[in-house]
Amino acid sequence: MINIAIDGPAGAGKSTAARKAAEKLGFIYVDTGALYRTVGVAALRRSIATDDAQKVAAMLPEIKAELKFKDGVQYVFLNDEDVSKEIRLPEASMAASNVSAIPAVRAFLFDLQKNIAKNNNVIMDGRDIGTVILPDAQLKIFLTASAEVRAKRRYDELCQKGTPVEYDALLEEIKHRDYNDSHRAVSPLKAAPDAVLVDSSDMTLDEVVDKITELAKKLGDGE
Ligand code: DC
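The shown structure was predicted, so the numbers you read here are calculated from the model rather than taken from an experiment.

> So what's going on with the site of the ligand? Residues and values would help.
Close to the ligand lie 15 residues; T32, R37, R106, R127 and R184 are nearest. One of the side-chain N or O atoms of T32 is found 3.0 Å from a nitrogen atom in the ligand. D181 has a polar side-chain atom sitting 3.2 Å from an oxygen atom of the ligand. Surface burial for the ligand is 95%, taken as the share of its 450 Å² of free accessible area covered by protein chains. Looking at the shell around the ligand, the elements that each hand over two or more residues are α2 (33–45), α4 (90–99) and α8 (167–183). Here the shell around the ligand takes three residues from α2, the largest share from any one element.

So, in structure tokens, the structure goes:
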């Protein structure tokens with residue numbers, strides 16, 4: 001199986017670029033952030049503080065998280081309920097960032113991610129895919145962009161949806177999440193030593209997709 005790992009901070013354009021590249025390559029696109037968001041939602045629903053490691057860990061035996069794929073689209077299930085929409089609510093982002101710092105949560109989601117990659121050609125996107133989940137991935141990409149560019153992209157996206165939020169507030173949230181994700185003790189966000197660094201600050205989405213598919217095609221050439 002061919003495994004491609006894409007890691008990087010929130011808003012670097014990983015998910016859109018990885019999804020499009022997977023489509024071109026005929027691979028399954030796996031968004032692992034959705035799993036952390038699902039655990040975050042499970043905690044929110046129980047009114048558990050998402051940074052309370054003990055309480056969140058104690059909840060884990062009660063939950064089942066699953067990914068399902070239909071026509072190339074990923075759906076995430078919490079105890080057999082489709083929560084794909086709920087995990088995108090803004091409160092789920094910070095909840096996910098908090099629970100993702102808890103070692104028991106990372107251990108809980110480890111096998112699930114590994115098994116998908118064992119049985120499928122995948123482009124898997126996350127924060128620790130190249131470093132922890134798939135250290136033997138044939139291709140690792142670390143996709144980044146400046147915090148300002150990422151905040152601007154998010155700002156434009158929300159304006160298009162008709163739900164504008166202050167740019168400064170978005171920038172602050174992005175910086176806060178970056179800090180959380182890079183400074184946690186377990187599996188912090190960092191590039192694997194053998195990852196290809198791609199800075200998308202001055203690249204269009206299509207350029208990023210081309211870069212990923214170009215690197216993936218080289219694998220087939222045995223380079
Ligand atoms: O990619 P995302 O924004 O949906 O991720 C939500 C949170 O989950 C993010 O704050 C970091 C965390 N995460 C992680 O720790 N490891 C991953 N492989 C994916 C996401």
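> Tell me about helix α5 (residues 103–119), and name the residues and values.
With 17 residues, α5 should reach 24 Å at 1.5 Å per residue; the first-to-last C-alpha distance of 25 Å fits that figure. The largest bend in α5 comes to about 30°, at F110.

> Any chance you could break down the sheet that holds strand β5 (residues 81–82) for me, citing the residues and the numbers?
In space, the three strands of this open sheet follow the order β3-β4-β5, with antiparallel pairing throughout. The sheet terminates laterally at β3 (65–70) and β5, the two strands that pair on one side only. Here β3 runs beside strand β4 (residues 73–78); their pairing, made up of six bridges, is antiparallel. If you follow L67 over to β4, its bridge partner there is V76. Sheet strands in contact with α2 are β3, β4 and β5, and its direction is about 30° off that of β4.

About the thresholds
Residues numbered from 1 in each chain as written. Predicted model: local features only at pLDDT ≥ 70, side-chain atom pairs only at ≥ 80, totals over all residues. Heavy atoms only, no water. Near = heavy atom within 4 Å. Polar contact = N/O pair within 3.5 Å; in protein donor to acceptor, adjacent residues only side chain to side chain. Areas by Shrake-Rupley, 256 points an atom, 1.4 Å probe, with all protein chains shown as cover. Helix = DSSP H or I, 4+ residues; strand = E, 2+ residues; numbered from the N terminus. Expected span 1.5 Å × (residues − 1). Bend = angle between axes of the 7 residues up to and from the residue. Pairing = 2+ DSSP bridges. Contact = heavy atoms within 4.5 Å. Axes fitted to C-alpha atoms, helices over the stretch in contact; angles between N-to-C directions.

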